[in-house]
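# Structural features, examined
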Amino acid sequence: PAKRNGSWQSYSKNDGWQSEYLHRSIVPTMHYQKSLPRLPIPKLEDTIRRYLAAQRPLLSDDDYSKTEKMAYEFQKGVGKELHSELVAQDKKNKHTSYISALWLNMYLTQRNSLVLNFSPFMALNLDPKPEYNDQLVRSTNMVVSAVRLMKTFRAGFLEPEVFHLNPAKSGTDAFKSLIRWVPPSLSSVGAYLMKAYPLDMSQFYHMFNSTRIPRHGRDELFTDEKGRHLLVMRKGNMYVFDVVDRDGNLVKPAEIQAHLKFILSDQTPAPAFPLSFLSTENRDVWAGLREKLLAAGNVKALGLVDSALFCLCFDDETLHDPIQVFHNLLCGDGCNRWYDKSFSFIVTKNGRAGIQFEHSWADGLTIFRLLNEIFKDTTEWPQVSPGSQTAAADSASAVTKLQFKLNAELENSISKAKEKFQAAVSKLTIDIVEFKKGGKEMLRMNKLSPDAMAQLAFQMGFLHQYGQTANSYEASSTAKFLHGRTETIRSTTIHTKRCTHAFVHQANQHSVQELRGMLDECSRYHKQLIKEAAVGQGFDRHLFAMQHLATSKGLPLPAFYQDTAYSTMNHNILSSSSLTSPAFSFGGFTPMVPDGFGLGYSIHKEWISCFISSYPARNVTEFQRCVNKSLEGIFSVVEGKLLR
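Quick caveat: nothing in here was measured; it's all calculated off a predicted structure.

Definitions and cut-offs
- Residues numbered from 1 in each chain as written.
- Predicted model: local features only at pLDDT ≥ 70, side-chain atom pairs only at ≥ 80, totals over all residues.
- Heavy atoms only, no water.
- Helix = DSSP H or I, 4+ residues; strand = E, 2+ residues; numbered from the N terminus.
- Expected span 1.5 Å × (residues − 1).
- Buried < 20%, exposed > 50% of the residue type's maximum accessible area, 1.4 Å probe, protein only.
- Polar contact = N/O pair within 3.5 Å; in protein donor to acceptor, adjacent residues only side chain to side chain.
- Phe/Tyr/Trp six-rings, centres within 6.5 Å; stacked < 30°, edge-to-face > 60°.
- Contact = heavy atoms within 4.5 Å.
- Pairing = 2+ DSSP bridges.
- Axes fitted to C-alpha atoms, helices over the stretch in contact; angles between N-to-C directions.
- UniProt positions renumbered as here; feature names shortened; annotations may be inferred.
- Salt bridge = Lys/Arg side-chain N within 4 Å of Asp/Glu carboxyl O.
- Core = buried A, V, L, I, M, F, W, Y, C linked by side-chain atoms within 4.5 Å.
- Parallel < 35°, antiparallel > 145°, perpendicular 65-115°, else oblique.
- Left-handed = near helix turned anticlockwise from the far one by under 90°.
- Nonpolar A, V, L, I, M, F, W, Y, C, P; charged D, E, K, R; others polar.

Bringing helix α5 (residues 135–154) into the picture now. Because an α-helix completes one turn every 3.6 residues, residues spaced three or four positions apart along the sequence face the same direction. With 20 residues, α5 should cover 28 Å at 1.5 Å per step; its first-to-last C-alpha distance of 28 Å lies within 8% of that length. The buried fraction of α5 amounts to 19 of the 20 residues, a majority that puts the element mostly inside the structure. Among the residues of α5, the N-terminal cap falls to Asp-134, whose side-chain oxygen and the backbone nitrogen of Leu-136 are separated by 3.1 Å. Gly-156 occupies a position one or two residues after α5 and carries a positive phi of about 80°.

In C-alpha cells:
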C-alpha cells in the first residue's frame with residue numbers, strides 16, 4: 001500500500017495509483033453517522049422571540065403591535081399544542097430529523113418547472129494546465145473521477161465529511177488512527193473532544209443513479225444503483241454507454257475517452273423535437289406527458305435515462321464571458337439538458353465546466369464536496385492527458401444513441417414546452433459585482449464578520465435603489481445533525497436597518513467612529529444569527545413544521561400563519577447563498593420571488609464577488625451599482641475615512 005493525502009491506497013506496478021478509488025480512508029465513510037446528534041426542535045418561546053425580532057425592522061409600530069399580539073396568542077394557544085405534538089412525533093422518529101421528510105416533500109410537491117426555480121449551478125475553475133481544458137480531455141477526466149468517487153463512497157472508503165475547528169490536531173493521521181477504533185455509536189463525541197464536527201452524509205446515497213420522476217401532485221425521487229451507464233447529451237441527442245463493467249470495475253479511462261470522442265464526432269443534427277424540453281415543464285403537465293411517452297413505447301429508453309449514474313452535457317458553444325457562462329450553466333438553451341437528473345456535468349467547447357443539480361435530494365455542502373473531489377482528482381491525478389491515445393474500442397457497439405417514439409401530440413407538447421421555456425428564460429437578467437478594494441482579510445483584521453458586511457451591503461444597496469428595507473433570506477447548513485438540511489438566517493435586523501439608514505440617509509450626521517460602531521454591532525448580531533442557525537436554533541423551519549402539521553391534521557390554518565406580516569416575511573426579496581472554494585469560481589440561482597434578487601456571492605481574501613439575478617420587476621444593473629457603492633462606503637469607514 002501507498003499513501004496519498006493521509007489515506008491508504010493499493011498500488012499496482014501496472015497502473016500506478018489504483019484506478020478504482022479516489023482514496024481509501026482509514027476512517028470508514030459512515031463511521032460518524034450513527035452518533036450524529038439529532039436536530040433540536042427549538043423551544044416555542046425562543047422561536048416566537050426570534051420571529052418577532054426578525055419582523056421588527058420590516059414593520060411599522062402599529063403593524064408590529066398587531067403581529068406581536070398574534071404571535072403571543074399563537075404561543076399560548078394552538079401553537080403550544082402543535083409544538084407539543086411535533087416534539088412527540090420527533091421522539092418517535094429518532095432515526096431522522098423533524099425537518100428531513102417535510103423538506104423533501106416541500107420540494108417534491110412543488111409544481112413549478114425545475115428550470116430557474118429549483119436547479120442551481122456551480123462553475124468549476126479552469127484546469128491550471130491550459131492544455132487539459134480540451135473538451136474531450138476534461139470531460140473524460142471528470143467522468144472518471146466521478147465514477148471513482150461513486151465507487152469510493154459505496155465501498156465505504158470515502159473520507160468522512162468533517163468540519164475541523166483545529167485541523168492541526170483533528171486533521172492528522174494520528175487522530176484518524178485513533179478515532180477509527182472508537183465505536184460508531186460514540187465516534188462523533190470523540191471527534192468533538194478534538195473540536196472536529198462530523199457532518200451528515202446521507203445525501204450521498206442519492207448522488208448517483210438518481211432522477212426526480214414527475215408524478216401528479218408529488219414527484220418521486222428514484223434511485224437504481226444497478227445502473228452502470230453514463231448518460232451523455234449533445235445537440236439534444238442522448239447517448240448511453242457503460243462506465244462500470246459487469247464485475248463492478250471502472251471501464252478503462254482510455255475506453256471512456258474513445259466513447260466520448262465517438263459522440264463528439266457524431267454528425268447527427270439536433271432533433272426537430274428535443275425531448276429535453278419536456279423536463280422543463282410544469283411538473284403536473286410533465287407527469288401526464290411522461291405517461292403518454294411511456295405508452296408510446298419509450299419504457300426502455302426512459303429507464304436508461306432515469307438509472308444513469310449521472311448526465312454529461314457536451315455544449316458546442318465557446319464561452320468566456322462570465323454572464324454567458326452563468327446563463328449556460330443555469331439553464332442552457334433547454335435542448336441539451338435533462339433537468340430531472342440528480343446532477344449534470346456541463347462542458348463547453350473550450351473546457352468551461354460546471355455542475356447543475358436538482359435541489360430536492362441535496363444541499364450545497366454535498367455538491368461542494370463532490371466538486372472539490374472532482375477538481376482535485378482531475379487536476380492532480382488526471383487519468384488521460386492531451387497526448388493520450390484513445391483505446392481501440394468498438395464505440396459504435398458500446399455507445400447507444402437513444403431513440404424516442406413521438407406521436408403528433410407529444411411533438412406538439414414539446415413545441416409548447418420550448419416556447420414556455422424560452423419565454424421564461426428571456427426574462428432573466430444577470431449582472432456581477434466585482435469589488436476589488438478589500439475582502440475577508442481586511443474585514444477580519446478589523447474584527448468584522450465578512451459575511452455580515454456582505455449582507456449589509458445587499459440591504460444597503462436595496463435601500464439606495466428603492467428607499468426601502470427588504471427582508472433577507474440567507475441559507476445556512478444544519479448538516480452537523482442527523483439528516484439536517486438547512487435553516488434560514490434572517491440577516492435584516494434592527495441593527496442593519498439603523499446602519500443602512502445612517503449610511504444612506506444620514507451620513508453627514510454621524511462621525512466615522514459612530515458609523516464604525518454600527519458596523520461592529522451589525523457584525524456581532526449577525527455572528528450570533530449564524531451560530532444559532534447552524535445549531536438548529538433559527539425559527540423558519542420550526543414554524544414551517546408546525547404549519548405543515550396543522551395542515552396534515554386538517555385543522556383550520558391558525559391566524560398566526562394568515563397574518564400579512566408572516567406572508568411578507570416569506571416573500572424573500574433578497575435571497576442569498578455563499579460558498580467559496582479553490583475548485584469553483586462562482587455559483588448561481590434565480591430570485592425566489594418575481595420581484596426579488598438572487599445573490600450568489602463569494603468573499604475572497606482581497607475582493608468580493610456577487611452574481612445577481614433578477615426578473616423585469618427589478619433593475620439588476622442599478623442594483624449592482626448600488627451594492628458596489630455600499631461596499632465602497634463600508635470599506636471607507638473600516639479604513640477610518642469619511643463617506644463621500
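All right, on to the packing of aromatic side chains then. Enumeration over the complete set of coordinates arrives at 32 aromatic pairs. Centroid distance Phe-435 to Phe-635: 5.1 Å. Interplanar angle 40°. Geometry classified as tilted. Here Phe-635 lies in helix α23 (residues 620–638) and Phe-435 lies in strand β16 (residues 429–435), a separation of 200 residues in the sequence. Judged on exposure class, the residue Phe-435 and its partner Phe-635 are both buried. Put simply, the rings of Tyr-51, Phe-74, Phe-539, Phe-560, Tyr-561 and Tyr-566 touch in pairs and so form one group of aromatic residues.

Let us look at the side chain of His-229. Mapping His-229 onto the fold places it in strand β10 (residues 229–234). We classify His-229 as buried; its relative accessible area is 8%. At a separation of 2.7 Å, a polar atom in the side chain of His-229 contacts the main-chain carbonyl oxygen of Leu-304. Setting aside residues up to four positions removed in sequence, His-229 forms contacts with Val-240, Phe-241, Asp-242, Val-243, Leu-304, Ser-307, Ala-308 and Leu-309.

If you walk across this open sheet you meet the eight strands as β15-β11-β10-β12-β13-β14-β5-β20, and the pairing is mixed. Two strands close off the open sheet at either side, each with one partner strand: β15 (400–401) and β20 (584–588).

A word on the sheet that holds strand β22 (residues 608–614). On the basis of which strands lie adjacent, the open sheet formed by six strands has the order β16-β22-β21-β19-β17-β18 and mixed pairing. The sheet is open, and its two edges are formed by β16 and β18 (486–489), each paired on a single side. Within the sheet, the average angular offset between the axes of one strand and its neighbour, ignoring direction, is 25°. One ladder, built from seven bridges, connects strand β21 (residues 597–603) with β22; its direction is antiparallel. The residue of β22 that forms the bridge with Phe-597 is Ser-614. Of the strands in this sheet, β16 and β22 are in contact with helix α12 (residues 322–330), which crosses β16 at around 130°.

Positive phi values are uncommon outside glycine, yet Leu-116 reaches one of about 75°. Assignment of secondary structure puts Leu-116 in the loop between α4 (100–109) and β5 (121–124). Taking relative accessible area as the criterion, Leu-116 reaches 7% and is therefore assigned buried. Phi is positive for His-483, close to 55°, though the residue is something other than glycine. Here His-483 is to be found in the loop between β17 (472–477) and β18.

Here β20 lies mainly inside the structure; four of its five residues are buried. Here β5 pairs with β20 via four bridges, running antiparallel. Counted as the bridge partner of Met-122 is Gly-587 from β20.

UniProt records the feature "active site" (unreviewed entry) for His-359 in the present numbering. Among the structural elements, His-359 can be located in the loop between β14 (353–357) and α13 (364–380). On the basis of relative accessibility, which here comes to 17%, the residue His-359 falls in the buried class.

We now examine the pattern of salt bridges. Once their charged atoms are close, side chains differing in charge can pair, the charge on each being opposite to the other. All told, the structure shown has 37 salt bridges when counted by the stated rule. The shortest N-O distance in the salt bridge between Arg-56 and Asp-61 comes to 2.5 Å. By relative accessible area, which is 27% here, Arg-56 ends up partly exposed. The exposed category is assigned to Asp-61, whose relative accessible area is 53%. The partner of Arg-148 in a salt bridge is Asp-377, with the nearest N and O atoms 2.9 Å apart. In this pair, Arg-148 sits in helix α5 while Asp-377 sits in helix α13, placing the two residues 229 residues apart along the sequence. Taken as a pair, Arg-148 and Asp-377 share a single burial class, namely buried. What emerges from the salt-bridge pattern is a single network uniting Arg-111, Arg-212, Asp-219, Arg-283, Asp-284, Asp-340 and Glu-358.

Looking now at the pairing of β22. Where burial is concerned, most of β22 is hidden: seven out of the seven residues are buried. Here β22 shows a buried face lined by Ile-608, Cys-610, Ile-612 and Ser-614 and a second buried face lined by Ser-609, Phe-611 and Ser-613. Examined bridge by bridge, β16 and β22 share seven bridges and lie antiparallel to one another. Counted as the bridge partner of Asp-431 is Ile-612 from β22. Between β21 and β22, which pair antiparallel one after the other, the connecting turn spans four residues.

Mapped onto the fold, Gln-468 is located in the loop between α17 (450–466) and β17. Between the C-alpha atom of Gln-468 and that of His-501, which follows or precedes it by 33 residues, the distance is 9.6 Å. Non-local contacts of Gln-468, meaning those with residues more than four positions away in its chain, are made with Phe-462 and Leu-463.

Here Ser-25 shows up in the loop between β4 (16–17) and α1 (44–55). Polar side-chain contacts of Ser-25 include one of 2.7 Å to the backbone oxygen of Val-27.

This next bit is on the nonpolar core. By size, the foremost hydrophobic cluster in this structure holds 51 residues, and its most contacted members are Leu-260, Phe-310 and Phe-345. Ranked by residues supplied to this core, first place goes to α5 with nine residues. Ranked by size, the runner-up nonpolar core spans 41 residues in total, among them Ala-123, Leu-302, Ala-417 and Tyr-615.

Between helix α19 (residues 512–534) and α23, the shortest axis-to-axis distance is 9 Å and the interhelical angle comes to 110°. Between α19 and α23, the crossing angle belongs to the class labelled roughly perpendicular. Here α19 and α23 pass one another in a crossing that is left-handed. Seen from α19, the contacting residues are Val-512, Leu-515, Arg-516 and Leu-519; seen from α23, they are Ile-634, Val-637 and Val-638. Of the residues assigned to the contact of α19 with α23, the class counts are six nonpolar, no polar and one charged.

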